[in-house]
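Listed below, chain by chain, are the residues.
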Amino acid sequence: MSSSDIFIGETIGTAILIVLGGGVCAAVTLKASKARNAGWLAIAFGWGFAVMTAVYVSGPLSGAHLNPAVTVALAIKDGGWANVPTYLGGQLLGAMIGATLVWLAYYGQFQAHLTDKEIVGGPGAQATSAKAVEAQEQGAGPVLGVFSTGPEIRNVVQNLATEIIGTVVLILAVLTQGLNDNGNGLGTLGGLITALVVVAVGLSLGGPTGYAINPARDLGPRIVHALLPLPNKGGSDWSYAWIPVVGPLIGGAIGAGIYNLAFA
C-alpha cells in the first residue's frame, strides 16, 4: 500500500465511521429527531454497523485500521512503524470530517435542541434538565455526547481502566480473528467480526465512559465541537479529553503485547 492510498483510505473510512457512529448518537439525543430516546441498544448497534461499513469501504485502500490503537498494536506486533504517522493523520482528519457531516445532517435538530430552555436552562426554563446543567458545570456541553465520550462517574483511575480494558478486548479480537491473510488490516470476514466485537464492548463495557476505544474517534470530533458555531453548546470537556486518547493507546499496546506472548 502506498502512503497516499493509506492516507486516503483512512480518511474516507474514518469519516464514514464517525458520520454513522456520531449520527446514531445525534439521532438518539437531539430533539426533533425521529429516533430520539431510542436508547443504548441503538447506539451500540449503530456504532457496530458504522465500523462494518467503514471497514468494507476503506479496507482495499488502507487495510482499514480506522483507529490509532489498532495502528499502534499492529506496529508493535510486526515492528513496522514507518507508516504509523500516515495512518494517524488520515484517521484524525477523517474523524473531523465525519463529525462535521453529522452537524450538517442534523443542523436543524442541533439548533432546536440547543435553543430549548429545558435543555440548556437559563431564565424562563420550565423544567431544566439536571443532567444537562450538571454536565455544563463540569465543562461538557449538552450535545458533546454526540461528538465525544464522557464518564458517568468521574474517577480517573476507573475511567482510564475502562478504556484500557475495552480496547484490549478489541485489539485481541482484531489480532486473533480479524486480520486479512497479509496480517496488515481487516479482511472481509474480519470487518464483520470486528463490528460485532464493537457491539459487544459497547453493550458490556460502554456504560461507564461511553467506550471511545479509539483516540481519533474521540479527539477529532471533540475538536470539531470546540470549533462549530453551535448556540449554547457549552464546553468541550478538555480536562477529560486525555483519557479516551491515552487509555486506548495503552490498551492497544497491552493487547499487542498479550498477542505476542500468547499467540505469536
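Residues numbered from 1 in each chain as written. Predicted model: local features only at pLDDT ≥ 70, side-chain atom pairs only at ≥ 80, totals over all residues. Heavy atoms only, no water.

(A) Quick peek at the nonpolar core. Counting residues in hydrophobic clusters, the biggest one holds 50 residues, and the most contacted among them are W47, F110, V143, V146, F147, Y211 and L230. In this structure Y211 touches W40, I43, A44, W47, T149, E163, V198, V201, G202 and G206, once residues within four positions along its chain are discounted. (Core = buried A, V, L, I, M, F, W, Y, C linked by side-chain atoms within 4.5 Å. Buried < 20%, exposed > 50% of the residue type's maximum accessible area, 1.4 Å probe, protein only. Contact = heavy atoms within 4.5 Å.)

(B) Structural context of the environment of L101. Looking at the secondary structure, you find L101 in helix α4 (residues 84-105). Residues L101 and N37 lie 64 residues apart in sequence; the distance between their C-alpha atoms is 22 Å. (Helix = DSSP H or I, 4+ residues; strand = E, 2+ residues; numbered from the N terminus.)

(C) Local environment of the pattern of salt bridges. Counted according to the given criterion, the structure contains five salt bridges. For D116, the salt bridge is made with K31, and the minimal N-O distance between the two is 2.6 Å. In this pair, D116 sits in the loop between α5 (107-114) and α6 (117-120) while K31 sits in the loop between α1 (3-29) and α2 (40-62), placing the two residues 85 residues apart along the sequence. For K31, a relative accessible area of 22% corresponds to the partly exposed category. A salt bridge links R154 to D237; the nearest nitrogen and oxygen atoms lie 2.5 Å apart. Taken together, the residues R154 in the loop between α8 (144-147) and α9 (156-178) and D237 in the loop between α11 (215-227) and α12 (243-262) connect sequence positions 83 residues apart. The class for R154 is partly exposed, based on a relative accessible area of 36%. Linked by salt bridges that have partners in common, K31, D116 and E118 make up one network. (Salt bridge = Lys/Arg side-chain N within 4 Å of Asp/Glu carboxyl O.)

(D) Molecular detail of unusual backbone geometry. In this structure, A64 takes a positive phi of about 60° despite not being glycine. Relative to the elements of secondary structure, A64 occurs in the loop between α2 and α3 (68-78). Overall, A64 belongs to the buried group, its relative accessible area being 0%.

(E) Representation of the packing of aromatic side chains in the model. By the definition in use, this model includes five aromatic pairs. With a centroid separation of 5.8 Å and an interplanar angle of 65°, the aromatic rings of W40 and Y211 are classed as edge-to-face. Residue W40 is found in helix α2, and its partner Y211 is found in the loop between α10 (188-205) and α11; the two are separated by 171 residues along the sequence. Under the relative-accessibility criterion, W40 is labelled partly exposed at 36%. Judged by its relative accessible area of 6%, Y211 falls in the buried class. (Phe/Tyr/Trp six-rings, centres within 6.5 Å; stacked < 30°, edge-to-face > 60°.)

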